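Architecture at a glance
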Amino acid sequence: EDEITLFERDMKEFWIQFKISYSTEQINQTSALRDLCKETIEALSEKWSKKLKEEDLMIDKIQEYNNEILQQNKYVAEKEEQLTEIKSKLNEEEEQQKNLTDSIQELKEELMKKMEIKSSKNEAAKEKVERVSKIKTLFKERLGLEMRRIHDEQLQFIFRHIDHKDPDKPYMFTLSINEQGDYEVTSCTPPLDCIAELQLKLRETNNFSAFVANIRKAFTALSYK
């Protein structure tokens, strides 16, 4: 019985020592594992913290780039709008320039036509004046007629030797060429009732010699009244 008791006691002490030894080793292992975990966690935390900071910086940079892109887009949109306005104004100015050019061309053409018409009328008037001048001497010699060029390119015709009582008494009329290029009697002294009829016949026939002769006849007939 004593041996059994002694054995049991020895076994109990062995077991106690074994537990103590095992527990100490387990504790040490646990502590080492805990320290390792702590170091690992700290290292990971530092790593991820650094990474997060880098990502935050990257996000800030991306946001900054986005803001710059937005500003650039806004600037480009404003410039495009200004360019559109400038193009519109240029188109309007080109249209106005074209209209002005067309108007100037029309005025030039109209002016050229008027100048041609005026030149033609002037030429016709010049020819008529020259024709009248050529027969001046003939009329003066045969009909006692004197012709004078007076103001506004008019011709004054003075007849004498009509009134047998007063041969030097003047009978006169003034002739011009109007804007239409036709002969026009502007004055007649003494007045003749038939002057309008004679003027119309002159315009129709363009027979100037007959016109002057008919006026002389009319003055002669008037002198006998």
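Check the entry above for the structure.
Before going into details, it helps to say that this report is about the structure given with it. What you are looking at is a predicted structure, and each value in this text was computed from that prediction instead of being measured.

1. Describing the pairing of strand β4 (residues 183-189)
Bridging between strand β3 (residues 171-177) and β4 involves 6 bridges; their strand directions are antiparallel. Looking across to β4, one finds that Thr174 is bridged to Ser187. Connecting β3 to the antiparallel partner β4 that follows it, the hairpin turn spans 5 residues, and Gly181 within it adopts a positive phi of roughly 85°.

2. Digging into the state of the cysteines
Scanning all chains against the criterion turns up 0 disulfides. There is no disulfide at Cys188, and the cysteine sulfur nearest it, in Cys194, is 8.0 Å away. A relative accessible area of 17% places Cys188 in the buried class.

3. Considering helix α4 (residues 208-223)
The end-to-end C-alpha distance of α4, which contains 16 residues, comes to 23 Å, matching closely the 22 Å that a straight helix rising 1.5 Å per residue would cover. Three or more residues of α4 are buried, namely Phe208, Phe211, Val212, Ile215, Arg216, Ala218, Phe219 and Ser223. End-on view of α4: buried residues confined to an arc of 160°, all on one side of the axis. Capping the start of α4 is the job of one residue whose side-chain oxygen sits 3.2 Å from the backbone nitrogen of Ala210: Asn207.

4. A few points about the packing of aromatic side chains
Centre-to-centre distance and the angle between the planes together describe a pair of aromatic rings. The full count for this structure, using the stated rule, is 8 aromatic pairs. Considering the side-chain rings of Tyr171 and Phe219, the 5.3 Å spacing of their centres and the 55° angle between planes classify their relative orientation as tilted. Taken together, the residues span a long stretch of sequence, with Tyr171 in strand β3 and Phe219 in helix α4 at a distance of 48 residues. Of the two residues examined, Tyr171 and Phe219, each falls in the buried class. Grouped by ring-pair contacts, the aromatic residues Phe157, Phe159, Tyr171, Phe173, Tyr183, Phe208, Phe211 and Phe219 constitute a single cluster.

Thresholds applied
- Residues numbered from 1 in each chain as written.
- Predicted model: local features only at pLDDT ≥ 70, side-chain atom pairs only at ≥ 80, totals over all residues.
- Heavy atoms only, no water.
- Pairing = 2+ DSSP bridges.
- Helix = DSSP H or I, 4+ residues; strand = E, 2+ residues; numbered from the N terminus.
- Disulfide = S-S within 2.5 Å.
- Buried < 20%, exposed > 50% of the residue type's maximum accessible area, 1.4 Å probe, protein only.
- Expected span 1.5 Å × (residues − 1).
- Arc of directions from axis to C-beta.
- Polar contact = N/O pair within 3.5 Å; in protein donor to acceptor, adjacent residues only side chain to side chain.
- Phe/Tyr/Trp six-rings, centres within 6.5 Å; stacked < 30°, edge-to-face > 60°.

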